[in-house]
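Next come the chains, spelled out residue by residue.
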Amino acid sequence: MFSRAKEWGYTDENPFHGKVPRRKKRMPHYYLQEEIEKLAEYFLNPKLPRWQGDMVFFTLNTGLRREEVFMLDWKGHVDMVNEQIIFPGKGDKDRLVPLNQDAMEILRIRPRHIKKSRVFWEIDRVWAIDSMWRRMKMRTKIKGKFHDLRKTYASYYAMAGGSMKKLQEILGHEGYETVAIYAALSPESIQAGKNIVSFSNKTRVKGQAV
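Since the model is a prediction, treat every value here as computed from it, not as a measurement.

In this section: the environment of Phe146. Here Phe146 lies in the loop between helix H6 (127-140) and helix H7 (147-159). Using a relative accessible area of 5% as the deciding quantity, one classes Phe146 as buried. As for Phe146 and Leu60, which are separated by 86 residues in sequence, their C-alpha atoms are 9.9 Å apart. Beyond its immediate chain neighbours, meaning those up to four positions away, Phe146 contacts Met55, Val56, Thr59, Arg66, Ile129, Met132 and Trp133.

Written out as structure tokens, the structure reads:
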């Protein structure tokens, strides 16, 4: 519109020329406690394949990507002794994902396949996860994507006061910008700068108020 107005002589210049409007960053979508309880109730249904509930709550407790959970391998990734997952990186920069008590319990009771070394060996295609998630959403009316389980982990990690630098390492992001959105959820984010600007209405003499 401004380009056409300039062409017709209504304005001397287009104030938006060469500028691309930035998309406003939204707060991450994470599941509330009542929604997580609803997920637990749904996946406790004995008629559902066991791997479904195991995978959903393992993702909630580790923050792994969908593809990472699907490809998770007992020999190549899982370190039960040190309670961590290891994703080999370049040089000595391996990515370490800690396993909390709930994640460890899921791994301990996971049935193993005699020939397949993947943790979630029951499915052979990633789309099986998407199909499972769509059915869950239809039956529970819970909104969101499977990827929101990862965002839920990151959100609760931040809200509990976890280190943003450590969260960046756990999630496997190269840049801090990606995890910066979670910093706004941190309790420290509200208190951190409270004393940067401070004006007193009392006169101080030798460090004491009068």
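Moving on, there is more to tell.
With that out of the way, let us pick up the packing of helix H3 (residues 50-62) against H6. In contact at an axis separation of 11 Å, H3 and H6 are set at 90° when each is read in the N-to-C sense. Considering their axes alone, H3 and H6 lie roughly perpendicular with respect to each other. For the pair H3 and H6, the contacting residues are Trp51, Gln52, Met55 and Val56 in the first and Ala128, Ile129, Met132, Trp133 and Arg135 in the second. Tallied by class, the residues present in the contact of H3 with H6 amount to seven nonpolar, one polar and one charged.

Time to look at the side chain of Thr62. Residue position: Thr62 is located in helix H3. Here Thr62 falls in the buried class, since its relative accessible area comes to 0%. Non-local contacts of Thr62, meaning those with residues more than four positions away in its chain, are made with Ile85, Val97, Leu99, Ala103, Tyr153 and Ile170.

This brings us to the packing of aromatic side chains. As enumerated under the stated definition, the model contains six aromatic pairs in all. When the ring of Tyr42 is compared with that of Phe43, the centres are 4.8 Å apart and the planes differ by 85°; the resulting orientation is edge-to-face. Judged on exposure class, the residue Tyr42 and its partner Phe43 are both buried. Every member of this aromatic cluster is reached through a ring pair, and the members are Tyr31, Trp133 and Phe146.

Taking 1.5 Å per residue, 13 residues should reach 18 Å; H3 reaches 18 Å between its end C-alpha atoms and fits that length. Extensive coverage of H3 is indicated by the burial of eleven of its 13 residues. Those residues of H3 not exposed but buried are Trp51, Gln52, Gly53, Asp54, Met55, Val56, Phe58, Thr59, Leu60, Asn61 and Thr62. Phi turns positive one or two residues past the end of H3, at Gly63, with a value near 75°.

On a regular strand, each side chain points to the face opposite its neighbour's, so the side chains alternate between the two faces of the sheet. Covered by surrounding structure in strand E3 (residues 95-98) are Arg95 and Val97 only, the residues Leu96 and Pro98 on the alternate face being uncovered. Where strand E2 (residues 84-87) and E3 come together, four bridges link them in antiparallel fashion. Residue pairing for E3: Ile85 is matched across the bridge by Val97.

Time to look at helix H5 (residues 101-109). The complete set of buried residues in H5 reads Ala103, Met104, Ile106 and Leu107. On an axial view of H5, the arc spanned by its buried residues comes to 160°, and they lie on one face. Pointing more than 90 degrees away from the buried face of H5 are the exposed residues Gln101 and Arg108. In this fold, the buried residues of H5 make contact with H3 and strand E1 (78-79). Two or three places before Asp102, at the opening of H5, Asn100 has a side-chain oxygen 3.2 Å from that residue's backbone nitrogen.

What the rule picks out here adds up to twelve salt bridges. A salt bridge links Arg65 to Glu68, with the nearest nitrogen and oxygen atoms 2.7 Å apart. Residue class for Glu68 comes out buried when judged on its relative accessible area of 13%. Glu67 is the partner of Arg66 in a salt bridge, and the nearest nitrogen-oxygen pair spans 2.7 Å. Taking relative accessible area as the criterion, Glu67 reaches 38% and is therefore assigned partly exposed.

The rules behind each value
Note on numbering: residues in each chain are counted from 1, in written sequence order. Reporting of local features is limited, given that this is a predicted model, to residues whose pLDDT is at least 70; pairs of side-chain atoms are given and counted only at 80 or more, and all residues count toward the totals for whole chains, interfaces and linings. Excluding hydrogens and water, the side-chain figures rest on all heavy atoms present in the structure. Segments assigned H or I by DSSP are reported as helices when at least four residues long, segments assigned E as strands when at least two residues long, and all are numbered from the N terminus. Exposure classes here rest on a 1.4 Å probe applied to the protein chains alone. A residue is buried below 20% of its type maximum, exposed above 50%, and partly exposed in between. Only heavy atoms enter the contact rule, under which two residues are in contact if any of them lie within 4.5 Å. Lines fitted to the C-alpha atoms define the axes, with helices restricted to the stretch that makes contact. Angles between their N-to-C directions range from 0 to 180 degrees. Should an angle lie under 35 degrees it is considered roughly parallel, over 145 roughly antiparallel, and from 65 to 115 roughly perpendicular; all remaining angles are considered oblique. When residue character is reported, Ala, Val, Leu, Ile, Met, Phe, Trp, Tyr, Cys and Pro are called nonpolar, Asp, Glu, Lys and Arg charged, and the others, Gly included, polar. The aromatic pairing rule takes the rings of Phe, Tyr and Trp, using the six-membered ring of Trp, and pairs them if the centres are within 6.5 Å, calling planes under 30 degrees apart stacked, those over 60 edge-to-face and the rest tilted. Expected helix span is computed as 1.5 Å times (number of residues minus one). When DSSP locates at least two bridges between a pair of strands, those strands are taken to pair. This arc corresponds to the set of directions leading from the helix axis out to the C-beta atoms. As used in this structure description, the phrase polar contact means that two N or O atoms lie within 3.5 Å; if the pair is within protein, one of them must be able to donate a hydrogen and the other to accept it, and residues adjacent in sequence are counted only when both atoms belong to side chains. In what follows, salt bridge is the name for a side-chain nitrogen of Lys or Arg lying within 4 Å of a carboxyl oxygen of Asp or Glu.

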